[in-house]
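# Remarks on the overall topology
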Amino acid sequence: NSMGGRVALEVAFGAPSRVRTLSLLSSSMAFRRGREWVPLVRMLRPELAMLPNILRPEGVRNRFWSLVARPERLDPAVGDIAANEFLRTLRSPAARVAFYAAARQIYLEAPDGENGFWTRLARLEPPALFIWGSEDPLVPARFSRHVARVLPEAPQVVLSDCGHVPQIELPERTHELIGGFIASGGESTALPLR
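The sections below set out a description of the structure shown in this document. (Residues numbered from 1 in each chain as written. Predicted model: local features only at pLDDT ≥ 70, side-chain atom pairs only at ≥ 80, totals over all residues. Heavy atoms only, no water.)

## A look at the nonpolar core
Judged by nonpolar contacts, the single largest core of 20 residues is most densely connected at Met29, Leu121 and Phe130. If you list the elements that add at least two residues to this core, you get helix H1 (3–14), strand S1 (22–25), helix H6 (117–122), strand S2 (128–133) and helix H7 (143–150). Setting aside its immediate chain neighbours within four residues, Phe130 contacts Leu24, Met29, Leu121, Val147, Leu151, Ala154, Pro155, Gln156 and Val157. (Core = buried A, V, L, I, M, F, W, Y, C linked by side-chain atoms within 4.5 Å. Buried < 20%, exposed > 50% of the residue type's maximum accessible area, 1.4 Å probe, protein only. Helix = DSSP H or I, 4+ residues; strand = E, 2+ residues; numbered from the N terminus. Contact = heavy atoms within 4.5 Å.)

In structure tokens:
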């Protein structure tokens, strides 16, 4: 999911023989628009994350719920669990640096060109399933158009009324899609796309 999907893609780019299939949920992609902050972000070093963590539980909880299209579907405790786990991880300065370094790299990566993200994605070898949330405010489902352009054979599903975390918001449907794709060995014809 999200940045984890991007990590999975990078593994597939670097060692395709080690990846049988990819199931990517709202995976982080290189942005073609909104790149006006690149010069500033380039100057901000990830090591700044060594400074004490200023994130507060309430802010992290609110951010989590902003990524969910229909919060009423979830137990309210889910927000507390997600916020506590995120903050627990970020207590470690090394974890903060790693998180911010990865996010920074994703934002800074050139979308096009010889080594650009979308050029590399077109050369993806393992079969990949892309699952998007129709109401995702962080990684918009419109990325599916770019994926369809460079990987026309890759199956994609846009889940209606779903935000950035389909495995939490629509777990049964998400698990059905992933399970079918893995069981088929990446053959999209065996996938119930609806």
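## Quick notes on H7
Burial in H7 covers these residues: Phe143, Ser144, His146 and Val147. Along the long axis of H7, the arc covered by the buried residues comes to 160°, so they all point the same way. On its buried face, H7 is in contact with H6, S2 and strand S3 (156–159). (Arc of directions from axis to C-beta.)

## Observations regarding the sheet that holds S2
Read across the sheet, three strands follow the order S1-S2-S3 without closing on themselves; strand pairing throughout is parallel. Because the sheet does not close on itself, it has two edges, and the strands there are S1 and S3. For this sheet, the mean angle separating the axes of adjacent strands, direction not counted, is 15°. Bridge count for S2 against S3 is four bridges, and the pairing is parallel. Among the inter-strand pairings, Trp132 is bridged to a residue of S3, identified as Val158. (Pairing = 2+ DSSP bridges. Axes fitted to C-alpha atoms, helices over the stretch in contact; angles between N-to-C directions.)

## Here's the deal with the pattern of salt bridges
As enumerated under the stated definition, the model contains 12 salt bridges in all. Residue Arg73 pairs with Glu169 through a salt bridge whose shortest N-O separation is 2.7 Å. With Arg73 in the loop between helix H3 (57–66) and helix H4 (77–90) and Glu169 in helix H8 (residues 166–169), the pair connects residues that are 96 residues apart, well separated along the chain. Glu169 gets classed as buried once you look at its relative accessible area, which sits at 3%. (Salt bridge = Lys/Arg side-chain N within 4 Å of Asp/Glu carboxyl O.)

## Some remarks on the pairing of S3
Residue alternation in S3 divides its side chains into a buried set, Val157 and Leu159, and an unburied set, Gln156 and Val158. Taking the sense of rotation as the criterion, the β-α-β connection linking S2, H7 and S3 turns out right-handed. (Right-handed = clockwise from strand over helix to strand, strands pointing away.)

## Here we look at the environment of Phe117
Secondary-structure assignment places Phe117 in helix H6. Among all residues touching Phe117, those that are not within four sequence positions of it are Arg6, Leu9, Phe13, Met29, Ala30, Glu109, Ala110 and Pro111.

## Brief notes about the side chain of Glu169
Within the structure, Glu169 has its side chain in polar contact with the backbone nitrogen of Arg70 (distance 2.8 Å). Here Glu169 is in contact with Leu67, Val68, Ala69, Arg70, Arg73, Leu74, Asp161, Cys162 and Gly163, once residues within four sequence places are set aside. (Polar contact = N/O pair within 3.5 Å; in protein donor to acceptor, adjacent residues only side chain to side chain.)

## With respect to H3
All of the buried residues in H3 are Val60, Arg61 and Phe64. Seen end-on, H3 carries its buried residues on one side only, within an arc spanning 100°. Contact partners of the buried residues in H3: H4 and H8.

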